[in-house]
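# Coordinates in review
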Amino acid sequence: MKRLGVLTSGGDAPGMNAAIRAVVRKCVFHEVEIYGIKNGYQGLIDGNIEKMDVGSVGDIIQRGGTKLYTARSDEFKTEDGQRKGIEQLKKFGIEGLIVIGGDGSFRGAQKLTEKGFPCIGIPGTIDNDIAGTDFTIGFDTALNTIIEAIDKIRDTATSHERTYVIEVMGRNAGDLALWAGLADGAESILIPEKPDDLNEVISRLKRGVERGKKHSIIILAEGVGSAIDYGEQIQKETNLETRVTVLGHIQRGGSPTANDRVLASRLGAKAVELLLQGKAGRMVGIQSNRLVDHDISDILGQKHTIDEEMYQLSKELSI
Ligand code: F6P
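Report on the accompanying structure. (Residues numbered from 1 in each chain as written. Predicted model: local features only at pLDDT ≥ 70, side-chain atom pairs only at ≥ 80, totals over all residues. Heavy atoms only, no water.)

### Thoughts on the overall build of the protein chain
Helices and strands together make up the secondary structure of the protein chain, namely 11 helices and 11 strands. Since a compact globule built from 319 residues should have a radius of gyration of about 20 Å, the 21 Å found for the protein chain is in line with a globular shape. Seen along its three principal axes, the alpha-carbon backbone of the protein chain occupies a region of about 70 × 35 × 35 Å. At a minimum sequence separation of 6, the contacts of the protein chain that also span at least 24 residues come to 74%. (Helix = DSSP H or I, 4+ residues; strand = E, 2+ residues; numbered from the N terminus. Rg over C-alpha atoms; globule rule 2.2 N^0.38 Å. Contact = heavy atoms within 4.5 Å.)

Quick look at the structure:
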């Protein structure tokens, strides 16, 4: 292959820029031309495509967001949208495409591969909800942003002797909440993978009050429901003064952590290598600190699961 393309799609994640940089520089290293497609699959349909070089990815490794912009495209979910996308790729002479994003983005990459256009996926989402990789790009940074915010909330929770319900992102996955709960010593976590935990949270709060405990932090994954509703219910059932914080999109921004930059650099370079080896329809990932690649269709067919041992530990440590 002599000319490749790269795009970011779906929700942005800190570290996507580091991945773009690695893809571009690895291509330059191998004397392969590289084109950036802006605004995800929508930009592909619209032909929003530009040649990139070493300089176009200078000074971005430390920046959050994505230099290539991102979008969620309904048109690309249709046969017609995919056909238009392939036409554009052919028009620019692009022979292989690297897609950085989450499972929705991989569905698009799979469709293109099935239609004969080779794609490789790089998992980039703060949610850490992709099977076949221990970590997705952006998860570590989002987690650290959450920790910083909760540390601050804990100060005021302690001073006012209040209970806080803090809603974190993650879509249908509980990883951000689980890891944040463990890292921050939260009294309780509520995650979609364990839907029946509310009663336990309430009895734990009541037990805490009996022991003289005056403040608590409960981390709720957005996939469970609204923190406002849960906060009201908890206050009603425990009589504890309860406040709610929804952290929102602050979790998606900011300079990527060293872990995310390194992960993104490794995965970006690996994706280029796979295309140059003639592979297609694969997702690169990291498992037990080793780079791996899996068939995208296998990945899409699997459900990401939480680490049960960690979940158990979070309970044991927050008695
Ligand atoms: O997938 C990343 C994510 O931030 C999820 O955690 C969240 O549910 C969703 O995207 C929010 O999407 P939007 O930015 O479109 O509101």
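After that view of the structure, there is still more to cover.
### Notes on the site of the ligand
In the vicinity of the ligand, the residues found are R72, T125, I126, D127, M169, G170, R171, E222, H249 and R252. Here an oxygen atom of the ligand sits 2.5 Å away from a polar atom, N or O, in the side chain of R72. In this structure, H249 approaches the ligand through a side-chain N or O atom, which is 2.8 Å from an oxygen atom. For the ligand, the protein covers 74% of the area, taking 400 Å² as the surface of the free molecule. Grouping the amino acids of the shell around the ligand by side-chain chemistry returns two nonpolar, three polar and five charged. (Near = heavy atom within 4 Å. Polar contact = N/O pair within 3.5 Å; in protein donor to acceptor, adjacent residues only side chain to side chain. Areas by Shrake-Rupley, 256 points an atom, 1.4 Å probe, with all protein chains shown as cover. Nonpolar A, V, L, I, M, F, W, Y, C, P; charged D, E, K, R; others polar.)

### Things to note about helix α4 (residues 103–114)
Within an α-helix, residues lying three or four positions from one another point in the same direction, as the helix has 3.6 residues per turn. Relative to the 16 Å expected for 12 residues at 1.5 Å per residue, α4 spans 16 Å between its end C-alpha atoms, a close match to the ideal helical length. Within α4 the residues assigned to the buried category are S105, F106, G108, A109, Q110, L112 and T113. Against α2 (40–46), α3 (79–91), β4 (96–101), β5 (119–123), β10 (282–287) and α10 (296–301) lie the buried residues of α4. Within two residues after α4, G116 carries a phi angle of roughly 95 degrees, on the positive side. (Expected span 1.5 Å × (residues − 1). Buried < 20%, exposed > 50% of the residue type's maximum accessible area, 1.4 Å probe, protein only.)

### Observations concerning the packing of aromatic side chains
Tallying each qualifying case throughout the model produces five aromatic pairs. For the pair Y41 and F76, a centre-to-centre distance of 4.1 Å together with 5 degrees between the ring planes defines the contact as stacked. Of the two residues, Y41 sits in helix α2 while F76 sits in the loop between β3 (49–52) and α3, which places them 35 residues apart along the sequence. Ring-pair connections join several aromatic residues into one group, and the members of that group are F135, F139 and W179. (Phe/Tyr/Trp six-rings, centres within 6.5 Å; stacked < 30°, edge-to-face > 60°.)

### A few points about the pattern of salt bridges
If you walk through the whole model with that rule in mind, you get 23 salt bridges. One salt bridge in this structure joins D12 and R252, with 2.7 Å as the shortest N-O distance. Within this pair, whereas D12 is found in the loop between β1 (3–8) and α1 (16–29), its partner R252 is found in the loop between β9 (242–246) and α9 (258–276), the two being separated by 240 residues in sequence. Residues joined in a network through salt bridges with shared partners are E75, D80, R83, K84 and E87. (Salt bridge = Lys/Arg side-chain N within 4 Å of Asp/Glu carboxyl O.)

### Considering the environment of E161
Considering the arrangement of structural elements, one finds E161 in the loop between α5 (139–160) and β6 (163–168). Overall, the relative accessible area of 43% leaves E161 in the partly exposed class. For E161, the contacting residues outside a window of four places in its chain are K214 and H215.

### Considering the environment of L68
For L68, the position within the fold is in the loop between β3 and α3. Judged by relative accessible area, L68 falls into the buried class, the value being 3%. Residues L68 and L7, spaced 61 residues apart in sequence, show a C-alpha to C-alpha distance of 6.6 Å. Residues in contact with L68, not counting those within four places in the same chain, are V6, L7, T8, I20, G36, I37, K38, N39 and M52.

### Considering the environment of I94
Along the polypeptide, I94 turns up in the loop between α3 and β4. Given a relative accessible area of 4%, I94 falls into the buried group. For the pair I94 and P14, spaced 80 residues apart in sequence, the C-alpha to C-alpha distance is 27 Å. Contact partners of I94, with chain neighbours within four places excluded, come to R3, L4, G5, Y35, I49, L89 and F117.

### What about the side chain of D197?
As for its placement among the helices and strands, D197 is situated in the loop between β7 (188–190) and α7 (198–210). D197 gets classed as buried once you look at its relative accessible area, which sits at 9%. Each residue touching D197, except ones within four places of it in the same chain, is listed here: I189, L190, Y311 and K315.

### A closer look at the pairing of strand β8 (residues 216–221)
Most of β8 sits out of view: six of its six residues are buried. Of the two faces of β8, the one carrying S216, I218 and L220 and the one carrying I217, I219 and A221 are both buried. In terms of strand pairing, β6 meets β8 through six bridges, oriented parallel. Considered in β8, the bridge of E167 is made with L220. Following the chain from β7 across α7 to the adjacent parallel β8, one finds a crossover that is right-handed. (Pairing = 2+ DSSP bridges. Right-handed = clockwise from strand over helix to strand, strands pointing away.)

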